[in-house]
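Examination of the molecular architecture
Take a look at the letters that make up each chain.
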Amino acid sequence: MRKIMVLTFISLDGVMQAPGGPGEDDSGNFKYGGWTVPYFDDSLGEIMTEQMSHPFDLLLGRKTFEIFAAYWPHHEDEGAGINKATKYVASNTLTTHQWSKSVFLSGDVVQEIKRLKEQDAPELQVHGSSNLIQTLLEHDLIDEFWLKIFPVTLGMGKRLFDKGTIPASFELIEAQPLPSGVMIANYRRAGEVKTGSF
């Protein structure tokens, strides 16, 4: 059985929208595209390389798939792992693409993802894909969050923990501050929410 890992950049107030640059996702009149760029240094690059250096496949929403497909096939030297990975795409509108190893999930996407999880195959990494993440959260399908938390608040935009969020507890499995102020924090699903009193 394989795990679903969400790798994402988030602001201190939980926004994950358009981290890479202006125009990446302006929906909702979002005006801070590229908010991660001033903090992206060699240390963060090394962490990203390490996290993507072992076998993985990708599980993506349509918008993120289209962003990736416009860039990575033309940058084999930078994204060998991404190009070699099977790309599973949750989309109601896109059914084919020339990017190699692209598979489009149809019908009941939740059941299709559950079927993928049952396979003996590499982990499924989710990048971007904020709408898909809400579906994964709602159905408790995420095994780990690999977060890069940036020292900035944005006050608007698509949030990682939004309408799909259910009560759940997690355990911290790795934490590392970087010189830029970015915090690396990896969490693993750890059962139900526990409560108590003082």
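Shown above is the structure to which this text applies.
Residues numbered from 1 in each chain as written. Predicted model: local features only at pLDDT ≥ 70, side-chain atom pairs only at ≥ 80, totals over all residues. Heavy atoms only, no water.

Among the secondary structure elements, I47 is positioned in helix α1 (residues 42–51). By relative accessible area, which is 11% here, I47 ends up buried. The spatial distance from the C-alpha of I47 to the C-alpha of Y88 is 24 Å, given a sequence separation of 41 residues. When sequence neighbours within four positions are dropped, the list of residues in contact with I47 reads Q176, L178 and I184. (Helix = DSSP H or I, 4+ residues; strand = E, 2+ residues; numbered from the N terminus. Buried < 20%, exposed > 50% of the residue type's maximum accessible area, 1.4 Å probe, protein only. Contact = heavy atoms within 4.5 Å.)

If you trace the backbone, Q134 turns up in helix α5 (residues 130–138). A polar side-chain atom of Q134 sits 2.9 Å from the main-chain amide nitrogen of G164. Apart from residues lying up to four places away in sequence, Q134 is in contact with R159, L160, F161, D162, K163, G164 and T165. (Polar contact = N/O pair within 3.5 Å; in protein donor to acceptor, adjacent residues only side chain to side chain.)

Attention now goes to the pattern of salt bridges. The final tally for this structure, using the stated rule, is 11 salt bridges. Between D25 and K158 there is a salt bridge, and its shortest N-O distance comes to 2.8 Å. Placement of the pair is D25 in the loop between β1 (4–11) and α1 and K158 in the loop between β6 (144–150) and β7 (170–177), with a sequence separation of 133 residues. R188 is the salt-bridge partner of E144, the closest N and O atoms lying 3.6 Å from each other. Of this pair, E144 sits in strand β6 while R188 is found in strand β8 (residues 183–189), placing the two residues 44 residues apart along the sequence. Residue class for E144 comes out buried when judged on its relative accessible area of 5%. Judged by relative accessible area, R188 falls into the partly exposed class, the value being 31%. (Salt bridge = Lys/Arg side-chain N within 4 Å of Asp/Glu carboxyl O.)

Bringing unusual backbone geometry into the picture now. The backbone of A18 sits at a positive phi, close to 45°, despite the residue not being glycine. A positive phi is found at N29, a non-glycine position, where the angle reads about 60°. In this structure, N29 sits in the loop between β1 and α1.

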